[in-house]
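# Chains, contacts and geometry: an overview
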Amino acid sequence: MSRKQERKIHPVQWVLLLIPAGGFLWFSQSLLAGVMGVGTLIGWAACLAGAALILAVPAMVRKGGARRVIAWVFTGIFAGAVAWCAYLSTLIFSAVENTPPDSATVIVLGCLVSPNGEPSLSLENRIQKAAEYLQAHPAAMCIVSGGQGSVEPVSEASVMARELEELGIDSDRIIQEDRSTDTQENMAYSAKIIEEQGLSREMAVVTDDYHQYRAGELAKEVGLTPYAVTVQSSAYLFPANYGRELVSMTKFFLEGWWDAL
C-alpha cells in the first residue's frame, strides 16, 4: 500500500467525523451568550480527541505491531470515557422536580456574579424561581448560599438577597450564607445555619437542572432531605454547564470512593 493510499480518508471516516464536528458546534453555543467556560473547553477537547482517533486509528491498525496496540489502547480509553460520561448523564437527567412539603426550608445555590455586581443569567433565573416559590409559600424561610469568588465584587449571597427583596420577599425571611465556595460547602454551611436557627431539614433546593443531582446527594451527606425546585438552564449555556458538571460529578465520585477506602 502506498503512502498516498495510507493517508486517504475512507468515506466511513468522513461520516464518523460528523459526530465530533456536531459535538464541537454544540459545545460552542455558549459563545452566542458571550461565555466560554471550562465546560466549553472540555467539550472541545473531547470532540477533538474523538476526531483524532477516527483519523488515526485505522492507519495505525493497518501498520500493525506496537502502533496497532497503541491504537486499540487509546480507543479503549476513549470508549471507557464515553461510557462513564453516559452513566453520569443518566444520573444528571434523572433528577426531576418534586414537590417539597410546605414546611421546607428554601436554599438558593449561588453562581457567578458579574463584575458590576449584577447576577449572571443563570443566577437571575435561580432568583426568579426562588421568588416564585417563596411567594407561593409565604411561611417558608430562605437561605441564599454563595460566597465571593476571586472575580466577583460582592458575595453571591448578598446579590441574591438584594434581588429577592426587590422582588417583594421580606428580608426577615432571607438568611445569607456567604462563606461557601462550592456546592459541598453550600450544603455544609447551610446545614449549620438550619441547626442554629431550628429550621426544617427538609430542603427546597433551587438550582439548575444539570446541577440538581449532585446538589441533592451533597445535601443528603450533611443530613438534609432535598427536594428539587428546578430551574431550566439556558439552551445556550447548557452545553458549557453540562461539560463542567461532568467533571464535578467525576470529582464527587472519586472523593467518595477515596473516603470509603
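Residues numbered from 1 in each chain as written. Predicted model: local features only at pLDDT ≥ 70, side-chain atom pairs only at ≥ 80, totals over all residues. Heavy atoms only, no water.

Scanning the protein from terminus to terminus reveals nine helices and five strands. Along the three orthogonal principal directions, the C-alpha set of the protein runs to about 80 × 45 × 30 Å. Within the protein, the proportion of its 261 residues that are buried is 44%. Sequence-distant contacts, at least 24 apart, represent 70% of the contacts inside the protein between residues at least 6 apart. A total of about 14,000 Å² of accessible surface is found on the protein, and carbon and sulfur atoms cover 62% of it. Here the protein carries 19 positive and 27 negative side-chain charges, and the mean point of each set is 23 Å from the other. (Helix = DSSP H or I, 4+ residues; strand = E, 2+ residues; numbered from the N terminus. Buried < 20%, exposed > 50% of the residue type's maximum accessible area, 1.4 Å probe, protein only. Contact = heavy atoms within 4.5 Å. Areas by Shrake-Rupley, 256 points an atom, 1.4 Å probe, with all protein chains shown as cover. Lys, Arg positive; Asp, Glu negative; His and termini not counted. Charge placed at Lys NZ, Arg CZ, Asp CG, Glu CD.)

This paragraph deals with a nonpolar patch on the surface. Nonpolar side chains collect at one region of the surface, where V69, I70, V73, F74 and I77 lie side by side and expose about 470 Å² of accessible area between them. Positionally, V69 belongs in helix 4 (residues 65–94). (Patch = residues over 30% accessible without salt bridge, like charges linked within 9 Å, V, L, I, M, F, W, Y side chains within 5 Å. Salt bridge = Lys/Arg side-chain N within 4 Å of Asp/Glu carboxyl O.)

Turning our attention to the side chain of N186. In this structure, N186 sits in helix 7 (residues 183–197). Of the residues examined, N186 reaches a relative accessible area of 5% and is grouped as buried. There is a polar contact of 2.8 Å between the side chain of N186 and the side chain of S145. Once residues lying within four places of it in the same chain are set aside, the contact partners of N186 are I107, L109, S145, G146, E177 and S180. (Polar contact = N/O pair within 3.5 Å; in protein donor to acceptor, adjacent residues only side chain to side chain.)

So, about the sheet that holds strand 4 (residues 202–208). Here we have five strands laid out as an open sheet, ordered 3-2-1-4-5, and parallel in their pairing. Across the chains shown, the open sheet's two edge strands, defined by having one partner strand only, are strand 3 (174–177) and strand 5 (225–231). Taken over all neighbouring pairs, the strand axes of this sheet differ in orientation by 25° on average, direction set aside. As judged from the seven bridges shared by strand 4 and strand 5, these two strands associate in the parallel manner. Of the residues in strand 5, the one forming a bridge with A204 is Y227. Against the sheet, helix 6 (residues 156–166) makes contact with strand 1 (105–109), strand 2 (142–145) and strand 3, and its axis sits at roughly 165° relative to strand 3, the strand it touches most. Against the sheet, helix 7 contacts strand 1, strand 2, strand 3 and strand 4, and its axis sits at roughly 130° relative to strand 3. (Pairing = 2+ DSSP bridges. Axes fitted to C-alpha atoms, helices over the stretch in contact; angles between N-to-C directions.)

This part takes up the environment of L25. Structurally, L25 can be placed in helix 2 (residues 11–27). Assessed through its relative accessible area of 61%, L25 is described here as exposed. Separated by 190 residues in the primary sequence, L25 and A215 place their C-alpha atoms 28 Å from one another.

Below, the discussion takes up the packing of aromatic side chains. Tallying each qualifying case throughout the model produces 13 aromatic pairs. Seen from their ring centres, F253 and W257 are 5.9 Å apart, and the 35° between their planes marks the pair as tilted. Placement of both F253 and W257 in helix 9 (residues 238–260) is noted, with a separation of four residues, approximately one turn of the helix. Taking the relative accessible area as the measure of exposure, W257 reaches 48% and is therefore partly exposed. (Phe/Tyr/Trp six-rings, centres within 6.5 Å; stacked < 30°, edge-to-face > 60°.)

A complete count under the given rule lists six salt bridges for this structure. Residue R126 is joined to D208 by a salt bridge in which the shortest nitrogen-to-oxygen separation is 2.6 Å. Here D208 lies in strand 4 and R126 lies in helix 5 (residues 121–136), a separation of 82 residues in the sequence. D208 carries the same exposure label as R126, and that label is buried. The salt bridge involving R214 is made with E245; its shortest N-O contact spans 2.8 Å. Taken together, the positions of R214 in helix 8 (residues 212–221) and E245 in helix 9 put the pair 31 residues apart, joining distant regions of the chain. Assessed through its relative accessible area of 11%, R214 is described here as buried. One salt-bridge network, held together by shared partners, links E118, R162 and E163.

That is the geometry; function is a separate question.
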